[in-house]
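Here is how the chains run, residue by residue.
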Amino acid sequence: MKKSAFFMLLFISSSLFSQQLALEKFGKEFTFLPEALDGTTGLPVIWLQTQHCGEFPSVDSTVSRAQWEMGDYELSNVNVFFSPVSAHNRWVLEGQWLTYEGYSKLYRNDFQASFSSGEHNVRLSIVNVKPQIYEPTWSRFTRWDARTQRLEWQMEKDVGRFTFDSFVEGRYSRFKPDRGNPLLNKKTRYAELLGEATLHGNIWSATLSGEWFESWIDTTHFRFSQINLSPQFNHPYGAIGFTLWTNNEEAFGYDGWLEFSKGGVSVAVALESRFYPAIFITHFNTDTEADFYSARFCFEQSWRDWIHINIVHEWQSRVDQSYILLYDPMTSSVSMESDDSPLLMRGEGKLEIGKERLKADVSWNYRDFDGLEYLWYHPGRINIQPGITTGTTLFDHLNLFLRLEALWQCHDVLESVWFLPELPGFVPVKNYSGKQESDWTFNAKITALVKTFTLSAGIDNILKKEIYPAQNIMSNSRMFVVNIDWLWYQ
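Residues numbered from 1 in each chain as written. Predicted model: local features only at pLDDT ≥ 70, side-chain atom pairs only at ≥ 80, totals over all residues. Heavy atoms only, no water.

Participant: Give a detailed account of the overall build of the chain, specifying residues and quantitative values.
Facilitator: Scanning the chain from terminus to terminus reveals three helices and 29 strands. For the chain, the share of sequence-separated contacts (at least 6 apart) that also reach a separation of at least 24 residues comes to 54%. Accessible surface computed for the chain: about 24,400 Å², of which carbon and sulfur atoms make up 59%. (Helix = DSSP H or I, 4+ residues; strand = E, 2+ residues; numbered from the N terminus. Contact = heavy atoms within 4.5 Å. Areas by Shrake-Rupley, 256 points an atom, 1.4 Å probe, with all protein chains shown as cover.)

Structure, rendered in structure tokens:
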């Protein structure tokens, strides 16, 4: 019963928050380019992102799972998971079939095969997408990816008094002019290889990592490769470390950090390098990277399993001169201008009171930008999200859980923001006013659990409040979500 409740609670926390049609979440969403409409619209990342659980079952039995979702934008999403019984090795086969018939049609087939044997994990995934869409991925130099073939290998091994971790991942992506090409009208290919090896001692660790990235946008070619060496020394009250790196743009560079922690409080200062996406480098002639001074404060504490609190605040200041991108609606063009280095302040937190069957919580995040540094500009300023989760058991086996939440957002006014799909990201309009406005939205979800069978239904944006993040982006709308989750063991 405890294991089933765990799966269910995990399911609630992951699905409800990620499907939020919130302004703040837009940076992690996908942006459609409707064929017959003058503008773009954002949809939650969970609809289009690979939803494979990615974990190997810990029991020697057959495990299978299925999930089905329907959205108010004429979306249907089916996910399946299967792992046959095995005494030693683990196999996982997963698939996803997604169809979107709304503003801009989308078809996605996603398959993954995984194998685990002792200390070795190997994953192979193939994604086939036919969209008019930008699909961002986690990468240092690119924020888009509509077709990905990915191979991943991991190993963890004890070597005497040391522990050795290694990781290798490769990706290959290609675009056709009518299938999500970020430049809209040119054939594009990307290739990337990431690798990392770490040796752990009692009070130290050393990591050697590397990255190779290459892109071909029609006849334009771009390449970047870098090698990093990162030793770190640990102490019960903190850690100190640094990174030495070299790449094909610069012969030598370094970063460093110092952290102190005790009693749930931690403070860190660091010198960090941020690498620009390829589109900035090729279209705006920017440098490869920017350096920042950073300071972070964190507080985390629990009291008798009833109260949990987590607070984080961060300050960042760019070392060298900064730049801003400004959109001019008169000429429909984007220009880059120099600016003083801004002070970027960001923070977030969460407070939970209660236990799994009755829990009240409030989460918040905020940002205060003294300047419009274009890589980090975002129209969202303050987000406060209170919620309550309650549950009960009926007929011995039927467990019901209800989740209610609200979201208050403070953000820049519509007239001040333009969304640039090529980045993708937000750009302030020329003569940016700095004025802000606020909005409320409400969500609800009910989940029923009978042994290993879970059925849930939810409504996001119950009052159908229309919020426009930018001038050229359609508003969010109401969304209905139905999930079926079934795990059984033979």
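Participant: Would you mind going over unusual backbone geometry in detail, with residue names and values included?
Facilitator: Its identity is not glycine, yet Phe395 carries a phi of approximately 55°, on the positive side. You can see Phe395 is positioned in the loop between strand S23 (380-394) and strand S24 (398-412). Phe395 gets classed as exposed once you look at its relative accessible area, which sits at 73%. Despite not being glycine, Asp396 has its phi angle at roughly 70°, a positive value. You can call Asp396 exposed: its relative accessible area is 70%. (Buried < 20%, exposed > 50% of the residue type's maximum accessible area, 1.4 Å probe, protein only.)

Participant: For the confidence of the model for the chain, give the residues involved together with the corresponding values.
Facilitator: Model confidence for the chain is summarised by a mean pLDDT of 78, while 77% of its residues fall at 70 or above. Every residue in residues 134-147 scores below 50 in pLDDT, and together they form 71 contacts with partners more than four places removed in sequence or on other chains. Considering only residues more than four positions removed or in separate chains, one finds that residues 179-184, a stretch of pLDDT under 50, has 25 contacts. (pLDDT = per-residue confidence, 0-100.)

Participant: Give me a negative patch on the surface: which residues, what numbers.
Facilitator: On the surface, Glu249, Glu250, Asp287 and Asp320 cluster together into a negatively charged patch. Looking at where Glu249 falls in the secondary structure, it is placed in the loop between strand S14 (238-247) and strand S15 (253-262). (Patch = residues over 30% accessible without salt bridge, like charges linked within 9 Å, V, L, I, M, F, W, Y side chains within 5 Å. Salt bridge = Lys/Arg side-chain N within 4 Å of Asp/Glu carboxyl O. Lys, Arg positive; Asp, Glu negative; His and termini not counted. Charge placed at Lys NZ, Arg CZ, Asp CG, Glu CD.)

Participant: Outline the pattern of salt bridges, listing residues and values.
Facilitator: Pairing is possible between side chains that carry opposite charge, provided their charged atoms lie close to one another. Evaluation of the coordinates by the stated rule reveals 11 salt bridges. In this structure, the salt-bridge partner of Glu169 is Arg171, at a minimum N-O distance of 3.2 Å. Each member of the pair, Glu169 as well as Arg171, carries the same accessibility label: buried. Note that Arg296 is salt-bridged to Glu272, the shortest N-O span being 2.2 Å.

Participant: Would you mind going over a nonpolar patch on the surface in detail, with residue names and values included?
Facilitator: Among the surface-exposed residues, Trp68, Met70, Val78, Val80, Trp97, Phe111, Val450, Phe453, Leu455, Ile484 and Trp486 lie close enough to one another that they form a single nonpolar patch of about 890 Å² accessible area. For the nonpolar patch, the secondary structure elements donating two or more residues are strand S3 (63-71), strand S4 (75-83), strand S28 (453-460) and strand S29 (479-486). Relative to the helices and strands, Val78 resides in strand S4.

Participant: Before we move on, could you go through the nonpolar core and cite the residues and values that matter?
Facilitator: Ranked by internal contacts, the top residues of the largest apolar core, which has 20 residues, are Phe222, Tyr276, Phe280, Phe292, Leu325, Tyr327 and Val427. Contributing elements (two or more residues each) for this core: strand S12 (204-217), strand S13 (220-235), helix H3 (278-284), strand S17 (289-303), strand S19 (322-328) and strand S25 (417-420). Discounting chain neighbours no more than four positions away, the residues touching Val427 are Leu325, Leu326, Tyr327, Tyr377, Ser416, Val417, Trp418 and Leu420. Of all hydrophobic cores here, the second largest spans six residues; its members include Phe419, Phe426, Ala470 and Ile473. (Core = buried A, V, L, I, M, F, W, Y, C linked by side-chain atoms within 4.5 Å.)

Participant: Let's hear about the environment of Ser317: which residues, and what values?
Facilitator: Positionally, Ser317 belongs in strand S18 (residues 307-318). For Ser317, a relative accessible area of 27% translates into the label partly exposed. Measuring from C-alpha to C-alpha, the distance between Ser317 and Pro342 comes to 6.1 Å, with 25 residues separating the pair along the chain.

Participant: Tell me about the environment of Asp339, and please be specific about residues and values.
Facilitator: The residue Asp339 is located in strand S20 (residues 333-339) in this model. Residue classification places Asp339 among the partly exposed positions, given a relative accessible area of 26%. In this structure, the C-alpha to C-alpha distance between Asp339 and Gln321, residues 18 residues apart in sequence, is 6.8 Å.

Participant: Which residues make up the side chain of Asp361, and what values go with them?
Facilitator: With respect to the element layout, Asp361 can be found in strand S22 (residues 358-370). Exposure remark for Asp361: the relative accessible area of 7% places this residue in the buried category. In terms of polar contacts, Asp361 uses its side chain to reach the side chain of Arg403, at 2.7 Å. Ignoring anything within four residues of it in the chain, the contact list for Asp361 reads Lys350, Leu351, Glu352, Gln385, Pro386, Gly387 and Arg403. (Polar contact = N/O pair within 3.5 Å; in protein donor to acceptor, adjacent residues only side chain to side chain.)

Participant: Tell me about the packing of aromatic side chains, and name the residues and values.
Facilitator: Inspection of the entire model under this criterion finds eight aromatic pairs. With a centroid separation of 6.3 Å and 35° between ring planes, the pair formed by Phe252 and Tyr254 is classed as tilted. Here Phe252 falls in the exposed class, since its relative accessible area comes to 53%. Classification of Tyr254 by relative accessible area gives exposed; the value is 53%. Taking 5.9 Å as the distance between ring centres and 10° as the angle between the ring planes, the aromatic pair formed by Trp440 and Phe442 counts as stacked. A residue is classified by how much of its surface remains accessible, and Phe442, at 32% relative accessible area, is partly exposed. (Phe/Tyr/Trp six-rings, centres within 6.5 Å; stacked < 30°, edge-to-face > 60°.)

Participant: Break down the environment of Gly253 for me, with residues and values.
Facilitator: Within the element layout of this structure, Gly253 appears in strand S15. The exposure class of Gly253 is buried, given its relative accessible area of 6%. Separated by 10 residues in the primary sequence, Gly253 and Thr243 have C-alpha atoms spaced 8.2 Å apart. Ignoring sequence-local partners within four residues, the contact set of Gly253 consists of Thr243, Leu244 and Trp245.

Participant: Please provide a residue-by-residue account of the pairing of S25, values included.
Facilitator: Walk down a regular strand and you will see the side chains alternate between the two sheet faces. Both faces of S25 are covered, namely the face carrying Val417 and Phe419 and the face carrying Trp418 and Leu420. In this sheet, strand S26 (residues 425-428) lies alongside S25 in antiparallel orientation, the contact comprising four bridges. Bridge pairing links Val417 to Pro428 in S26. (Pairing = 2+ DSSP bridges.)

Participant: Go over the pairing of strand S27 (residues 436-450), please, and point to the residues and values.
Facilitator: The pairing of S24 with S27 spans 15 bridges and is classified as antiparallel. Following the sheet pairing, Trp408 is matched in S27 by Trp440. Strand direction decides the pairing type here: S27 and S28, joined by seven bridges, are antiparallel. Looking at the pairing, Ile446 lines up with Ala457 of S28. The turn linking S27 back onto S28 is made up of two residues, and Lys451 within it adopts a positive phi angle of 55°.

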